[in-house]
Amino acid sequence: MHGRPRKAPKPEDEAASAAKAQKLRALQTQFFSFHHDQIYTKEAVELSAKLLEINPESYTAWNYRKLAVEHYLSQSECGPDSVKSVLDDELRVVESALRQNFKSYGAWHHRKWVLSKGHSSINHELRLLDKFQKADSRNFHAWNYRRFVAELMNRSEQDELKYTEDMIYTNFSNYSAWHNRSVLLSALLEKKAEGFLLKENVLPEEYEFIHQAIFTDPDDQSGWFYNLWLLDQTVTTDSPLLVSTWPTCGSDVLIMGDGCQNGSFSPFTTLLSDSGSFPIILYFNQPVEGVNSSTVTIECGFDKNGYLHWEPLSVSNSQAAQVWVAHLKFPTPELDSSVEVRVGHSKGIISTRGFQYCHPSTFSFNVHVQPVERDSFQVSVAESILWREENFKIYRAQLEESIPIASFDQLCIKNGHESTASNWRTEALAKEIECFRELLSLMDCKIGKLTLARLLMAYDAMSIPFATKLVHSEEVLELYNDLMKLDPTHHRYYKDEHSFVLLQKMTSSKESLLQHCFQYKDSVSSVIGNPICLRLNNLSLSRIGAFEKLLWVQMLDLSHNELQSIEGLEAMQLLSCLGLGNNKLRSVTALEPLRKLKSLRVLDISYNQIGDHSIDTTRYLCSSPLSHSVGSELNKDETVISDASLVNYWEAFYMFKDLNLNQLDIVGNTIADEKFKSALVKIMPTLKRLDGKVLD
């Protein structure tokens, strides 16, 4: 443990170990007999103490002693002095056990339990902790217990903060001391204690403090972890913010049926709808709850009620989510109307960390509805969306005349509140960037490069508007390329970060985004209308992101990448066509975000790795009929798959049953045999084409 080499046991050590094991077995046999018969005599309790002295990890023995104490305290003749004597005995047993193993979970928990009874003195506890922390200053059990004792003693966070400083100066490679410092500072900043009222007065001093550790030994990771926590405290705002919406503020949205001409409307804001409604999407910078008709109000000419049901877009079915959606119904006759959305003017939106949404926002847009011909939404069996190069043409410059520039400039909400990129934050980041550039000029430090990459991206995000080119993106991409070579063990992590930065760069401006915007063929398709296809194919992406800038996308090509996950895709509520062919998706459960995409009609997941792996580790991260998420959505009688032929495909059943797909391509996956395809046809009665073939 912790790099300490193991030594081969000597013969005399093996003999002593065998004798200890024999003694332990005899004690356990007698102990379990007492425990089973609920015998709490003095002899039985002393036997458990002997057992714990040999094996402090015997949880059953600790629980037995709790039962014995409760049994004794329930006796009517038990007075205050007797209670104190019994509990002090328990503390002595714990101390004896900790001398054998000062990292025993059971011993530390039992000591907490005894002190929580309130009859024991706690004056001795800090002295005991000093003794154990001298033996191992990084013992997180002791640090955790210290926080417990400090709270019982009403010891101030400032005093404890000074203690962590002393321990760090003794040994700056003390992970537990750095962690405890972050816990204490978080509490002091949250309660705005004296001297800790503003982050801008506290965090710069902490940066100077951590530099001493990092520059002394750049290869020691303890200081770097604390530096990462400081960076998060610098860039994260306490109050949640609304960063993006669809429709965007000031946009003109055309909702149309097949055969309608979109005139001068932008294809970026033209929506083909067969449901009599369209989504309103709110994208926050962190998960929030409390989004409802009271905290978000709608005013429009065609819905006098103003009540909307807001749904959190979370694959775990949590009531908190970063993205929320509601569907606004519109009448079928042709109309033109303005819609105003007011967010947070009434309190109730709150982050998962307990902070209120404090920046009321208002955005408005115009809706133009053309008559919807219901028959036009029935997919012609002759039509098929093919993700081939020859079927796409670049969105040419001469067509931009009909596109309001605001379509891109307003992809991110313009709140009326002051920018969160306050001077102290950008100044702090600028100093850190300069500091780590200096460090990297002296040595080739991989964790220094990783920290610099994070700092540069944080600086760009805070100091540059979303619609402006990211200044440091090229440098950050190069840093991650270097890290993939320097540290192949963590190649996947660096690759994910590289992909995220690449997408941020590509979506940071109108010019860069237009380079990836295409139109499908020359004619309008009755399957998809004529939206812009955002082609992010052949980019070697292992992760997707920048969803707050892509809420407008209806057709997305992510084929020929290296995606193993599509987490976050549920935010793109307008998606009707999605190409995920030739990626590295390993299981059906990896597709779970698609369950939230009610407008999805065309899906290509061909030539992935679905079914290649006999053990699907994704199922432990995603929902299943036995988990709290999917099962909670359904009535108990609905969780039974009625068709016996589908029992072996319950994952596919729950992933696909709520989708209204017309076209699906799944060829090239190990799972895609004839039985599986037959199951898919039963699961999705709306399916018209499967792997390019027209279904009967």
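Because the structure is predicted, anything quoted here is derived from the model rather than measured.

Peer 1: Quick rundown of unusual backbone geometry? Include the residues and the values.
Peer 2: With an omega dihedral of -5°, the bond running from Trp-246 to Pro-247 counts as a cis peptide bond. Within the secondary structure layout, Pro-247 lies in the loop between β1 (242–246) and β2 (252–256). In this structure, Gln-38 is a non-glycine residue whose phi angle is positive, near 55°. Note that Gln-38 resides in the loop between α1 (11–36) and α2 (42–54). The class of Gln-38 is exposed, set by a relative accessible area of 59%.

Peer 1: Residue-level account of the side chain of Ser-337, with values.
Peer 2: For Ser-337, the position within the fold is in strand β8 (residues 335–343). Residue class for Ser-337 comes out buried when judged on its relative accessible area of 14%. In contact with Ser-337, not counting residues within four places along its chain, are Cys-300, Gly-301, Phe-302, Phe-365, Asn-366 and Val-367.

Peer 1: How would you sum up the pairing of strand β10 (residues 361–369)? Please name residues and give values.
Peer 2: Sheet analysis places β2 next to β10, joined by four bridges and oriented parallel. Paired with Val-253 across the two strands is Val-367, which belongs to β10. Of the pairings in the sheet, the one linking β8 to β10 comprises nine bridges and is antiparallel in character. Note that in β10 the partner of Arg-342 across the bridge is Thr-362.

Peer 1: Pulling in residues and values, what's your account of the confidence of the model for the chain?
Peer 2: With 84% of its residues at a pLDDT of 70 or more, the chain shows a mean pLDDT of 84. Per-residue pLDDT stays below 50 along residues 634–640; that stretch engages in five contacts with residues further than four places along the chain or on separate chains.

Peer 1: Give a description of the environment of Pro-287 that names residues and reports values.
Peer 2: Secondary-structure assignment places Pro-287 in strand β4 (residues 277–289). When the C-alpha atoms of Pro-287 and Ile-350 are compared, they prove to be 8.7 Å apart, with 63 residues separating the residues in sequence.

Peer 1: Talk me through helix α7 (residues 140–152); I want residue IDs and the actual numbers.
Peer 2: Spanning 13 residues, α7 covers 19 Å between terminal C-alpha atoms, matching the ideal 18 Å at 1.5 Å per step. Among the residues making up α7, those that are buried are His-141, Ala-142, Trp-143, Tyr-145, Arg-146, Phe-148, Val-149 and Ala-150. Close packing links the buried residues of α7 with α5 (105–115), α6 (125–135), α8 (157–170) and α9 (175–190). Two or three places before His-141, at the opening of α7, Asn-139 has a side-chain oxygen 3.0 Å from that residue's backbone nitrogen. Looking one or two places after α7, you find Asn-154, whose phi comes out positive at around 55°.

Calculation notes
Residues numbered from 1 in each chain as written. Predicted model: local features only at pLDDT ≥ 70, side-chain atom pairs only at ≥ 80, totals over all residues. Heavy atoms only, no water. Helix = DSSP H or I, 4+ residues; strand = E, 2+ residues; numbered from the N terminus. Buried < 20%, exposed > 50% of the residue type's maximum accessible area, 1.4 Å probe, protein only. Contact = heavy atoms within 4.5 Å. Pairing = 2+ DSSP bridges. pLDDT = per-residue confidence, 0-100. Expected span 1.5 Å × (residues − 1). Polar contact = N/O pair within 3.5 Å; in protein donor to acceptor, adjacent residues only side chain to side chain.

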